[in-house]
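Summary of structural features
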Amino acid sequence: MESHSHVAERSPWTPMVGLFLAQVLMSFNVAALPVSLGGIVEEFDVAPTVASSTIVVYGLAVAGLVMVGAKVGQRVGWLLVFRVVVAMFACSALMMVFARTVGWAIAGQAVAGASAAVIVPALVALIAENYRGEQQAQAIGSLGSARAMSGVSAFFIGGALGTAVGWRPVFLIVLALAVAVFIFGFWLRADRGDSSVKIDGVGALLIGAAVILLTLGFNNLNSWGVLVAAESAPFSVAGVSPAPVFVVLGIVLGQAFFVWTRRRMGRGAVPLVNLDVLRSSRERAAVYAMFMVVALEAALNFTVPLYIQIVQGRTPFDTALAMMPFNLTVFVAAMVVVRFYRRYSPRRIAVVAFAACATGSDLAGVRGDQQLGDASDDPGPVRVWGRPRCARDARLQRARHRLTQGASLAMWAPCAVRLRTSPLR
């Protein structure tokens, strides 16, 4: 009788199909963008930095709105908000498919990023609403495999379509996924919003502006000038490039956000983000580690396809093949790592993973150093971004690779040391 009762309490997996596909939708869109850069540059006749703005604005929208999106979902109701933003994601795919200028493509990804900022917290909230116990753990774990699977498929399918047909059909797949997610959403259990939830508008404005300014500043350091304003800079501040000014302002606004949030918590008001989650050194280490993991993955998915398609002039399918080892490893690791949880502590797994990432980054830097060394021995010009560069520029690029090698080791070591505060099993 107990067994029969336990089976009867299990929820159907049909709603999870929609949530699984929602994760696939976001990850497929993100992975499809790098392999589409070459086609966007060629079709619209724009600079690679302009085409790569599609990736930048997507990340900007997600980073700047995800905190606000979580509060909106709590206040209005996750299911209603989820359906609305999935429909918005479908509209962003249509904007990509029918884009007549690169501005339409950039705007489309801004809409997609704003939608993803709500979908990300909505997935966790809707899983908690629809599943309990062991089913809930399985559902949350499936999101990781969905992300890895979509990354592999997007690079391969996007590369094949981009080479054979063009970059636009890739986003027809994104459109089809959005429609499927919207349909499966009707099987999700409805929840009611909480009108008592307050949204910290000042905090949202501060952190959103800080993220946007920091991203714009770092993204345009090369084109606008590291210190002195270049000719391509939109404006200058007493001859100083706006890029470092944006970085400084972003840091100031970020600090202002923390000051405002602490003051708001001191008054007993509900903050945009509860800073108590960062009080423990272990929790801070976990947050920093997650930030670095995402940063490294984003850097690889952004720079490698850009280098292969723009600098080397290869096809999107070549890009897909070059990225396949990385994406396959992510997929396999996401599926297999859960089997190690019973034998090893999360800290031990994390330290080994950090060491592997540092080693891989260092090896990639060494290989890039060798290739640039070969280029510098060539008496002819090296073409980078479509412009001839001399051997001296290749040596400068080689120095940057060495800096990247050291930065990779410096990036992972502190987290590994901090995570040692918990005992090994």
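Above: the structure in question.
So, here is what we can say about the structure in this document. What you see is a predicted model, and the numbers here were worked out from it, not measured in a lab.

Moving on, we get to the nonpolar core. Leu19, Phe82, Phe89, Ile119, Leu123 and Phe171 are the most contacted members of the largest nonpolar core, which has 61 residues in total. Where this core is concerned, the elements lending two or more residues are helix H2 (14–44), helix H4 (53–76), helix H5 (78–97), helix H6 (102–130), helix H7 (133–164), helix H8 (168–184), helix H12 (281–311) and helix H13 (316–336). Sort the elements by how many residues they give to this core and H2 lands first, with 16 residues. Discounting chain neighbours no more than four positions away, the residues touching Leu19 are Phe82, Leu123, Leu126, Ile127, Leu143 and Leu188. Within the second largest apolar cluster, nine residues are counted, among which are Val68, Leu206, Ile207 and Phe257.

Glancing now at the pattern of salt bridges. When charged atoms on two side chains of opposite charge get close, those side chains can pair. Applying the stated criterion to the full structure yields two salt bridges. Between Glu43 and Arg168 there is a salt bridge, and its shortest N-O distance comes to 2.3 Å. Highlighted residues: Glu43 in helix H2 and Arg168 in helix H8, separated in sequence by 125 residues. We classify Glu43 as partly exposed; its relative accessible area is 42%. For Asp200, the salt bridge goes to Arg264, with nearest N and O atoms at 3.9 Å. Of this pair, Asp200 sits in the loop between H8 and helix H9 (201–219) while Arg264 sits in helix H11 (residues 242–266); the two residues are 64 residues apart in sequence, bridging distant segments of the chain. The exposure classification of Asp200 matches that of Arg264, with both residues buried.

Conventions used here
Residues numbered from 1 in each chain as written. Predicted model: local features only at pLDDT ≥ 70, side-chain atom pairs only at ≥ 80, totals over all residues. Heavy atoms only, no water. Core = buried A, V, L, I, M, F, W, Y, C linked by side-chain atoms within 4.5 Å. Buried < 20%, exposed > 50% of the residue type's maximum accessible area, 1.4 Å probe, protein only. Helix = DSSP H or I, 4+ residues; strand = E, 2+ residues; numbered from the N terminus. Contact = heavy atoms within 4.5 Å. Salt bridge = Lys/Arg side-chain N within 4 Å of Asp/Glu carboxyl O.

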